[in-house]
Amino acid sequence: MANKYNHEEVEAKWQKTWSERKTDVSDIGQAKKPFYNLMMFPYPSAEGLHVGNMYAFTGTDIYGRFQRMQGYDVFEPIGLDGFGIHSENYAFKVGKHPVEQAKRSEKNFYRQLSVIGGMYDWSRTVETYDPGYYRWTQWLFVQMFRHGLAYRSKAEVNWCPSCKTVLADEQVIEEKCERCGNIVTKKALEQWFFRITAYAGKLLENIPKLNWSNKVLTAQEHWIGKKEGINIKYSVVDEKGVSFGDVICFTTRPDTNYGATFVVLAPEHPFISKIDGVLKKEYADQMRRYIEQAKKTSSQDRIAQGRKKTGVFTGLYCINQLTGYKMPLYVSDFVVMGVGTGAVVGVPGHDKRDFEFAEVMNIPVKRVVVSDDGKKGDITDIEDVQEENGVMINSGFLDGMPIQKAIVTMMDHLEEKGWGERVVNYHLRDWLISRQRYWGPPIPMIRCAACEKNSKGERADMPGWYTVPEDKLPVELPNIEDYKPGDDGIAPLAKHKEFYETKCPGCDGMATRETDVSDTFLDSSWYFLRYPSVGSVTADTLPFDPEITKKWLPVSMYTGGAEHSVLHLMYSRFVTMALKDWGYLDFDEPFPNFFAHGLVIKEGAKMSKSKGNVVNPDEYIKLYGTDALRMYLMFMGPFSEGGDFRDSGMEGMSRWVSRVWRMATSSLEAGTDVVASDIVVKGLHKTIKKVGDDTAKRHYNTSIAAMMEFTNLVSDHGGTLPVSLLKMFVLVLAPYAPHLAEELWERCLAHDQVGNQPGAGMSVHHQLWPEFDAKYLVENQVSMAVQVNGRLRDTIQIDIESSSNQKKIEANAQSSENVRKYIEGKEIRKIIFVPGKLINFVV
RNA sequence: GCCGAGGUGGCGGAAUGGCAGACGCUCAGGUCUCAAAAACCUGUGAGCAUAAUAGCUCGUGGAGGUUCGACUCCUCUCCUCGGCACCA
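How each quantity is defined
- Residues numbered from 1 in each chain as written.
- Chains lettered and ligands numbered in written order.
- Predicted model: local features only at pLDDT ≥ 70, side-chain atom pairs only at ≥ 80, totals over all residues.
- Heavy atoms only, no water.
- Pairing = 2+ DSSP bridges.
- Helix = DSSP H or I, 4+ residues; strand = E, 2+ residues; numbered from the N terminus.
- Axes fitted to C-alpha atoms, helices over the stretch in contact; angles between N-to-C directions.
- Contact = heavy atoms within 4.5 Å.
- pLDDT = per-residue confidence, 0-100.
- Near = heavy atom within 4 Å.
- Polar contact = N/O pair within 3.5 Å; in protein donor to acceptor, adjacent residues only side chain to side chain.
- Nonpolar A, V, L, I, M, F, W, Y, C, P; charged D, E, K, R; others polar.
- Parallel < 35°, antiparallel > 145°, perpendicular 65-115°, else oblique.

A. Quick peek at the sheet that holds strand E27 (residues 594–597). Spatially, the four strands line up as an open sheet ordered E2-E1-E26-E27, and their pairing is parallel. Here the strands that pair on one side only, and so sit at the sheet edges, are strand E2 (73–75) and E27. Here the strands of the sheet are splayed against their neighbours by 20° on average, with no regard to which way each runs. The pairing of strand E26 (residues 557–561) with E27 spans four bridges and is parallel. Across the sheet, the residue bridging to Tyr-558 is Phe-594, located in E27. Contacts from helix H2 (residues 51–69) reach strand E1 (34–39), E2, E26 and E27 within the one sheet, and its direction differs from that of E1 by about 170°.

B. Geometry of the confidence of the model for chain A. When pLDDT is averaged along chain A, the result is 86, and 90% of the positions lie at 70 or above. Across residues 373–381, confidence stays below pLDDT 50; counting only partners more than four residues off in sequence or on other chains, it has 30 contacts. Interface confidence for the predicted complex, expressed as ipTM, amounts to 0.93; the pTM equals 0.90.

C. A look at the protein's contact with RNA strand B. Within the structure, RNA strand B sits among 53 residues, and Thr-251, Lys-309, Arg-353, Ser-783 and Asn-840 are positioned closest to it. A distance of 3.2 Å is found between a phosphate oxygen of RNA strand B and a side-chain nitrogen or oxygen belonging to Asn-712. Between RNA strand B and Arg-793, the relevant distance is 3.1 Å, taken from a phosphate oxygen to a side-chain nitrogen or oxygen of the residue. Per-element tally for the surface near RNA strand B: the top contributor is helix H24 (residues 700–716), with seven residues. Its residues placed into classes, the surface near RNA strand B shows 20 nonpolar, 16 polar and 17 charged.

D. How the structure looks around the packing of helix H1 (residues 7–21) against helix H26 (residues 738–752). Remark: H1 packs on H26, axes separated minimally by 9 Å, with the N-to-C direction vectors making an angle of 85°. Classified by the angle their axes make, H1 and H26 are roughly perpendicular. Residues Val-10, Glu-11, Lys-13, Trp-14, Gln-15 and Trp-18 of H1 pack against Pro-738, His-739, Glu-742, Glu-743 and Glu-746 of H26. For the contact of H1 with H26, the class distribution of residues is four nonpolar, two polar and five charged.

In structure tokens, the structure reads:
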């Protein structure tokens, strides 16, 4: 059965051969035209490689192989993002120690990755849980601290009072603990943060320079969320006019300030502790009770429960200088401390949330006349509300002004008067690094109580804190048995004296190590810098080699899922910018080109274990082969959109692979006897062009369709090709079906030079992409559409030379019986002529 | 609520403002076979109509508009999916 394609045999043969011949190992040092083709790091969290991973990797790999055939030295690395909560949770689930499970996952993942046909450089893998890697993750933390970008602050964590444990967001399901079902509350802990907000401006500013899809760029833009506004200062008094200091409110709409009727503070606002002792007892008690209550529920929970906004009056007032109005000062948990200044000036006539509060608290509603229509200037339309409540109208000096102009005018006015100051705020929050968990790199910090007392420390603003000296890195994660997250939000490592007891780098006295580990997003925020340097002479002394980095970075093309639009991509950009500012890099954007691929679904439904419709690539590879699966995945739909995996479609692709095999083998058997018709030669050149153009654009589905059209054409014209043409087709096929193409290529070479076994350097994957000859793209004859009033009435065949001769085509078209039927006896008012395309008679 | 993407045959999906439905699946019929599978061939948007695979009408979520001509551009609208969200 020489004519039956044996995918198992062929694919195994080439995987072995490529590995032996180091076909895909990049020459990092000597490369002339480096092309760093990177896909997002997979995290080996579950049973193994998911078909979604394979989809992403295949789409990336085809691009890498195509670029290599364009003459680039392509480096396509692979590794595992194996630290972090996903891997840890999976280890718990299967009852294995995370260290042990990591080894098992690694083995299984690498086995699967080695059979999906990717051109991975297996000599340079990266695993985030490898001490040789996380040593440098810790080094990065140390740099952040030294440059003032790491600091400590209180932050809320999810807390299950029943399990007495900290939960990750994904373990909180509908406000309940995923394990015991109890309501999850919030708990404030001192934790480490990275000051990513210091780079908010730069992160935003660079966005137009990035060649990313709009979707991802706008997501980043919104996430950074630049807001230009003004901080307005209000003096606070009691009913007798005694001064209590100032409260500052941030607003983006100062033009509505004539309508301001109240001010609200967040429960955590520092002003509250300031006034607590001096307030009238009745107000102070009420306020304390309210704040106590508010602390127990997070704002997300309140929204989810649809609770009405409520608050407490402090007995104090803020003076609105514009109107002289005494605005009552409230405390309410709908105001969030982390947003703006943590204090809001309430304009119920122009803001829906302010209105809701005013309604409940019985606060008057005033509206301001701005905007061109002279009626309202508004974010939220609450006209109907206005009628019911008989609100006051206040025009002020902005009467009738367009909103944008009114905002600027008011800002100028407030600044002139010294009542406010223009500020820029961002939605972006600082990056919470600490995890009260086991499976991550220990944060490389040491705290010394003695130094703290004496106000000594590595940084003046953080007494008592020292970084672990660089030559003592890594701080290795000890292999402990009680690795599960424990009581009272204490990290597992905090129960191990032998781990946390250490000497103070400052005073040499007794000190303790930080026992939280870092966020898994930190691991993946710099891995792309490590890959090219793996195995270099400097790999043990530097996180990344300067020479190599200069040559290979930034990443030429980054491919991954749009679900990482904000977090991973933002963190990587931030880390890169910081490293540049510290002098380690000479570029500030890690991924100038990023392609977001779509998601795979199964028979119209999302894949999930509970539905039992998860596609395991292993089974399909066994049944149909890697190449057929690769091509089917790419054929399902546009790579940018994802696709619907259907078993019947998989069968179809498998059939086509067999057809290609038969076409090729029978062509080789027929040998020199085959003469290709013009139409086949033309078809081949058209296919080369089409597949080349579409692959570059990552329109893999239409590339494959074009290849199918070609094999259909061959089948209609004898079914065989001369070997010289077959070789060109095999080259076009190579990025998509690397094993099949390599096998056919070898056979073609053997056919060309009988008796000479092709050598290692002859791999189809080291060949250049075939050039099409433009002369074959030109048709002798074109078919032109003949329309009457825009409706198709006939098509005519015309020589290419005459296809732009309007006179001739008019005559030709009018001789058509069907066309005559529609124009006979009518006056032709106009003729639209598109050379080579159509002619349209307007009657 | 806000932002983004998208709605095309039985299905997945093709179409620089110029012949809608490429390619594949499905289904039906046929060839081969004792039979089946595989393979190959033919057909497959709906409707009208025909000796005819001559021709006609409708048709890209819906309603309008621009245009000789609209899946494609504009306005409004409905629905689906994804992201963000008391952001002041």
